[in-house]
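# Descriptive analysis of the structure
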Amino acid sequence: MRLSVCLGGHTYSFRDVREVMGKANEEKSGDQLCGVAAQTPQERVAARIVLSELTVKEVCEHPAVPYEQDEVTRLILDGLNQPIYREYQNMTIGELRERILSAAPEELTRMGRGLSSEVIAAVCKLMSNLDLIYAAARMRVKATCVTTIGEPGTLSARLQPNHPVDDVEGITASVLEGLSFGMGDAVIGLNPVDASTASVQAILTRFDELKRRYEIPTQICVLAHVTTQMEAVRNGAPCDLMFQSIAGSEKGNAAFGISAELIAEAKDLMAREGTSHGPNQLYFETGQGSELSSDAHNGWDQLTMESRCYGFARHYAPFLVNTVVGFIGPEYLYDSRQFIRAGLEDHFMGKLHGLPMGCDCCYTNHMRADQNDNENLAVLLASAGCNYFMGVPHADDVMLNYQSTGYHDVAAVRETLGLAPIAPFARWLERWGFWRDGRLGPNAGDASVFL
């Protein structure tokens, strides 16, 4: 394994695969913060040359956290399809990039089953933004909860009716308004302020009442901690989809209060007592930098650790996965260039893992970014075949205090790119006059029609 290269008369040497991976990454403030980033553009180029000449086998055999120490590593490596892995193991990462960009969609779907999360991260580092869009656009990943997401020609939306005090009537008004703009075919899913089981049950019950009263073809979820949701389900609360934030290492997951065993228990509970037929009944959120926040990155770069989140997620066959790309803030993604790049990276890596990827195109108000940058990312990701975005009133979440994609943003991207909600939801919107001829209909934004 060669870990050095001579460029312009200067020799660049790297200690190990970990250092190569960190210094080959696009510039990220999080990598700079933890001291793994390249110091100069020349060093970054050198690291990429070295990385491009490493084989799939060499990268796979150097996981971010040793197999014996980390259950995420074990899930990733034990879950690899070995015959597929052996087909690609002697290919260099540079050759793998060329193969991904020329392969048929069927090969991409099959290939990902034999690639470890570190390998997928490695090839991602060698790709341009357009490479990431082009490759991801040819990978369609479908999943079924109550309805099926990810069909070609669709762009779905999570209706996110967050409320500053979890008032059920206020939440209801927000749900009805969002539905009138065509939001909610991915899920009606709220982030609670009050994380008590009683509050979660009350909101789930109201969501279920609305879904039944208006015969809405979608799924419902309250994004509390998985243990709270499990308790609510055991108490008889209606729940189509169970949520949890996840990390790329066992230590990172422990900081979230979860383990592989707990997620397996949640999956089993939903199969037995969830109100959707599935088989995909889990919802995961990720985001570059969370492992650094909990000192759980083991000295690796944030892109590689993010890729490992997807390796963990695919073990459980979720219905939804999305990166909350700019939510943590400028400590990890400093400006619009960095968070746009991260969104494209995350979407590509998730798709190559075989996941039904969406994205919360978002940023915090102390980042060097604005709504124009966010809209740029949304258009790029929609072009890349992203399954779903967030639908937040006016793109401004009054509870989480961050900026995301609004109802009009999703509608405009759908119309501009000729995309639609998933078919049963589109038919439901048409019956209410909210959608017509591939765009918002005459009743769009008028929630009074429900009354």
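What this report covers is the structure whose coordinates are included nearby. Note that this is a predicted model, so its numbers are computed, not measured.

Under the defined criterion, the tally for this structure stands at 28 salt bridges. Ionic pairing is found between Arg439 and Glu415, a salt bridge with its closest N-O pair at 3.7 Å. Of the two residues, Arg439 is situated in strand β16 (residues 439–440) and Glu415 in helix α20 (residues 407–417); the sequence distance between them amounts to 24 residues. Among the charged side chains, a network of salt bridges with common partners joins Arg15, Glu19, Lys23 and Glu43.

Time to look at helix α19 (residues 371–383). Taking 1.5 Å of rise per residue, 13 residues should cover 18 Å, and α19 covers 18 Å from first to last C-alpha, within 8% of that figure. Residues of α19 that are buried include every one of Gln371, Asp373, Asn374, Leu377, Ala378, Leu381 and Ala382, and no others. In this fold, the buried residues of α19 make contact with α18 (336–352), β11 (357–360), β12 (388–391), β14 (402–403) and α20. Its side-chain oxygen 3.1 Å from the backbone nitrogen of Asn372, Asp370 forms the N-cap of α19. Among the residues trailing α19, Gly385 stands out with phi positive, at a value near 85°.

Quick look at the sheet that holds strand β10 (residues 320–324) now. Strand order in the open sheet formed by 4 strands is β8-β9-β10-β11, with parallel pairing between adjacent strands. If you trace the sheet from one side to the other, it starts and ends with β8 (242–245) and β11, each paired once. Neighbour-to-neighbour, the strand axes of the sheet open up by a mean angle of 25°, direction not taken into account. Sheet topology note: the β8/strand β9 (residues 282–286) ladder contains 4 bridges and is parallel. The residue of β9 that forms the bridge with Ser245 is Glu285.

Moving on to empty space enclosed by the protein. Scanning all chains against the criterion turns up 1 cavity of 30 Å³ or more. Reported here for the largest cavity is a volume of approximately 40 Å³. Taken together, Gly30, Asp31, Cys34, Glu291, Leu292, His297, Trp300, Asp301, Gln302 and Met305 make up the lining of the largest cavity. At the level of secondary structure, the elements contributing two or more residues to the lining of the largest cavity comprise α2 (29–33), α16 (290–293) and α17 (302–314). Counted by class, the lining of the largest cavity contains 4 nonpolar, 3 polar and 3 charged residues.

Their axes nearest at 8 Å, the elements helix α1 (residues 17–24) and helix α3 (residues 41–53) cross at an angle of 125°. Overall, the two elements α1 and α3 adopt an arrangement that is oblique. In this structure, the crossing between α1 and α3 has a hand that is left-handed. Contact with α1, carried on its side by Val20, Met21, Lys23 and Ala24, involves Glu43, Arg44, Ala47, Arg48, Val50 and Leu51 of α3 and no other residues of that element. A per-class count over the contact of α1 with α3 returns 6 nonpolar, no polar and 4 charged.

What follows is about the packing of aromatic side chains. Here the distance between the centres and the angle between the planes together describe a pair of aromatic rings. Summed over the entire model, instances satisfying the criterion amount to 15 aromatic pairs. Each ring, one from Trp432 and one from Phe434, has its centre 6.3 Å from the other, and the planes form 5°; the classification is stacked. You can call Trp432 partly exposed: its relative accessible area is 23%. What makes Phe434 buried here is its relative accessible area of 0%. When the centroid spacing of 4.8 Å and the interplanar angle of 45° are considered together, the rings of Trp432 and Phe450 count as tilted. With Trp432 in helix α21 (residues 423–432) and Phe450 in the segment after β16, this pair connects stretches of sequence that are 18 residues apart. One aromatic cluster is present, built from ring pairs that chain together Tyr214, Phe425, Trp428, Trp432, Phe434 and Phe450.

Residue pairs three or four apart in sequence face the same way in an α-helix, which turns once every 3.6 residues. With 17 residues, helix α12 (residues 197–213) extends 24 Å between its outermost C-alpha atoms, agreeing within 8% with the 24 Å of an ideal straight helix rising 1.5 Å per residue. For α12, every residue scored as buried is listed here: Thr197, Ser199, Val200, Ile203, Leu204, Arg206, Phe207, Asp208, Leu210 and Lys211. Taken together, the buried residues of α12 touch α11 (168–180), β6 (187–190), β7 (220–222) and α13 (226–234). Looking one or two places after α12, you find Glu215, whose phi comes out positive at around 55°.

In this section: the side chain of Gln403. Looking at the element boundaries, Gln403 is found in strand β14. Note on Gln403: relative accessible area 11%, which makes it buried. Within the local environment of Gln403, its side chain forms a polar contact with the side chain of Asn365, the two groups lying 3.4 Å apart. Ignoring sequence-local partners within four residues, the contact set of Gln403 consists of Cys361, Cys362, Tyr363, Asn365, Gln371, Asn374, Ala395 and Asp396.

Another aspect to go through is the sheet that holds β12. Read across the open sheet, the 4 strands follow the order β7-β6-β5-β12; overall the sheet is parallel. Each edge of the sheet is formed by a strand with only one pairing partner; in this case those strands are β7 and β12. With strand direction ignored, the average angle separating the axes of adjacent strands in the sheet is 25°.

The pairing of strand β1 (residues 4–7) with strand β2 (residues 10–13) spans 4 bridges and is classified as antiparallel. Paired with Ser4 across the bridge in β2 is Ser13. The turn linking β1 back onto β2 is made up of 2 residues, and Gly8 within it adopts a positive phi angle of 55°.

Looking now at the layout of surface pockets. Of the voids in this model, the largest pocket is the one considered here, and its volume is about 560 Å³. Surrounding the largest pocket, 27 residues form its lining, Phe243, Ser245, Phe256, Glu285 and Phe327 being those nearest its centre. Elements represented by at least two residues in the lining of the largest pocket include exactly β8, α14 (250–255), β9 and α16. Top element by residues in the lining of the largest pocket is β8. It accounts for 3 residues. Of the residues contributing to the lining of the largest pocket, the split by class is 13 nonpolar, 11 polar and 3 charged. Each pocket or cavity is described by its volume, and for the second largest pocket that value is around 270 Å³. Forming the boundary of the second largest pocket are 18 residues, of which Val141, His353, Gly354, Leu355 and Pro356 lie nearest the centre. Of all the secondary structure elements, the ones that give two or more residues to the lining of the second largest pocket are α8 (105–112) and α18. For the lining of the second largest pocket, a count of residues per class yields 8 nonpolar, 5 polar and 5 charged.

Parameters at a glance
Residues numbered from 1 in each chain as written. Predicted model: local features only at pLDDT ≥ 70, side-chain atom pairs only at ≥ 80, totals over all residues. Heavy atoms only, no water. Salt bridge = Lys/Arg side-chain N within 4 Å of Asp/Glu carboxyl O. Helix = DSSP H or I, 4+ residues; strand = E, 2+ residues; numbered from the N terminus. Expected span 1.5 Å × (residues − 1). Buried < 20%, exposed > 50% of the residue type's maximum accessible area, 1.4 Å probe, protein only. Contact = heavy atoms within 4.5 Å. Polar contact = N/O pair within 3.5 Å; in protein donor to acceptor, adjacent residues only side chain to side chain. Pairing = 2+ DSSP bridges. Axes fitted to C-alpha atoms, helices over the stretch in contact; angles between N-to-C directions. 1 Å grid on protein atoms, 1.4 Å probe; cavity = no way out; pocket = protein on both sides within 12 Å on 5 of 7 lines; lining within 4 Å. Points joined across faces, edges and corners; volume = space filled by probe spheres on them. Nonpolar A, V, L, I, M, F, W, Y, C, P; charged D, E, K, R; others polar. Parallel < 35°, antiparallel > 145°, perpendicular 65-115°, else oblique. Left-handed = near helix turned anticlockwise from the far one by under 90°. Phe/Tyr/Trp six-rings, centres within 6.5 Å; stacked < 30°, edge-to-face > 60°.

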